[in-house]
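Spelled out, the chains give:
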Amino acid sequence: MKALVLAERFDAAGKLCAGARSLADEVVLVVIGEGQIPRGVADKVVHIALPQGAVYDDAADTVNAIFDAQAPELVLVEPTRHLKVIAGKLAAHAKTSVITDVLELDGEGATNMYFGGVAHRRLKALRTAIYTINPETFAELPASGTDAIEEAAWVAPQTPLELVAVAPIEKSGVDLFKADVIVAAGRGFAEESDLDLARGLCDKLGAGLGCSRPLTEGLNWLPTEVYIGVSGLMLTPKVYVAVGISGQMQHMVGCNRAGTIVAINKDKNAPILKQCDLGLVGDIKEVLPALIDVL
């Protein structure tokens, strides 16, 4: 069996290739754009250089051509915004479907989230299997391969995107995919300035700061890159500290695979207090300064 891997981040590429290696005899990694090319993780790395003015999503037709040439039975995709678009176009090209939000994967099929995480279901592809899956699922597996690199011929898209402007995104600090500890802030923070309490706790714990959806798309207090939930980040840290988060299912599917979940909420009936390992009922303006002082 041959597997094709689509990854945007360097670390994710190695982990997805390790997962592909456990399922297939041959692994081909596709890398799009500039940046460091992973070595020793696949039997072949196919690099797609973006022409001047082209954007990442324009590589979809080139990915389709690589798919045709390699004829894989399995495709693993890192669930980034860009690659979700490319995976959808690839599925249409291959006349198959993308099985999204996969939690577990083996030779018999995949288990994924259903109805926004309310339930799980077991699926098996009838044609070429295309899965979006968190690279951390394979974090414990070793990657292996040669250093063979091949440059792909660019296939110009029929309907390219027009690049109108470029603006740098201010990074929030710790890469949440790599963080062992994450502090997540929710609507329990009444004012933006209160987030300094969460940042203070992060400093003491060596943690990354994340949040629930309203703090990014409603209030714009934090960048969208740190939003955790069913349509945001799916994370597996060792410790997840949810501060002022009620615990609705849409958020919890983004963190429920953490090793330990700690919840701080002033509402003793908040759903998250029934889903956490350790719960503390109290006002964040009292609890967080006390925790920071003790730490």
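The rules we used
- Residues numbered from 1 in each chain as written.
- Predicted model: local features only at pLDDT ≥ 70, side-chain atom pairs only at ≥ 80, totals over all residues.
- Heavy atoms only, no water.
- Helix = DSSP H or I, 4+ residues; strand = E, 2+ residues; numbered from the N terminus.
- Rg over C-alpha atoms; globule rule 2.2 N^0.38 Å.
- Buried < 20%, exposed > 50% of the residue type's maximum accessible area, 1.4 Å probe, protein only.
- Lys, Arg positive; Asp, Glu negative; His and termini not counted.
- Charge placed at Lys NZ, Arg CZ, Asp CG, Glu CD.
- 1 Å grid on protein atoms, 1.4 Å probe; cavity = no way out; pocket = protein on both sides within 12 Å on 5 of 7 lines; lining within 4 Å.
- Points joined across faces, edges and corners; volume = space filled by probe spheres on them.
- Nonpolar A, V, L, I, M, F, W, Y, C, P; charged D, E, K, R; others polar.
- Salt bridge = Lys/Arg side-chain N within 4 Å of Asp/Glu carboxyl O.
- Contact = heavy atoms within 4.5 Å.

Q: Requested: an account of the overall build of the protein chain, with residues and values cited.
A: Looking only at helices and strands, the protein chain has 7 helices and 14 strands in total. Scaling as 2.2 N^0.38, a compact globule of 295 residues should have a C-alpha radius of gyration of about 19 Å, and the protein chain matches this with 21 Å. Per-residue burial for the protein chain yields a buried fraction of 46% across its 295 residues. Taken as two groups, the 26 positive and 37 negative side-chain charges of the protein chain have centres that lie 5 Å from each other.

Q: Tell me what's going on with empty space enclosed by the protein, and back it up with residues and numbers.
A: Per the counting criterion, the structure on display carries 1 cavity of 30 Å³ or more. Considered as a void within the structure, the largest cavity measures approximately 30 Å³ in volume. The wall of the largest cavity is formed by Arg9, Asp11, Ala12, Lys15, Pro135, Glu136, Phe177 and Lys178. When its residues are assigned to classes, the lining of the largest cavity shows 3 nonpolar, no polar and 5 charged.

Q: If you had to explain the side chain of Asp57 to someone new, which residues and values would you point to?
A: Assignment of secondary structure puts Asp57 in the loop between strand 3 (44-48) and helix 2 (60-70). Lys89 provides the closest opposite charge to the buried, salt-bridge-free Asp57, at an N-O distance of 6.2 Å. Aside from chain neighbours lying at most four places away, what touches Asp57 is His82, Val85, Ile86, Lys89 and Leu161.

Q: Describe helix 4 (residues 195-205), with residues and values.
A: Among the residues of helix 4, those classed as buried are Leu195, Ala198, Gly200, Leu201 and Cys202. Tucked inside the fold, the buried residues of helix 4 contact strand 10 (181-185), strand 11 (208-211), helix 5 (214-218), strand 12 (239-243) and helix 7 (284-294). One or two steps after helix 4, the chain reaches Gly206, where phi turns positive at roughly 65°.

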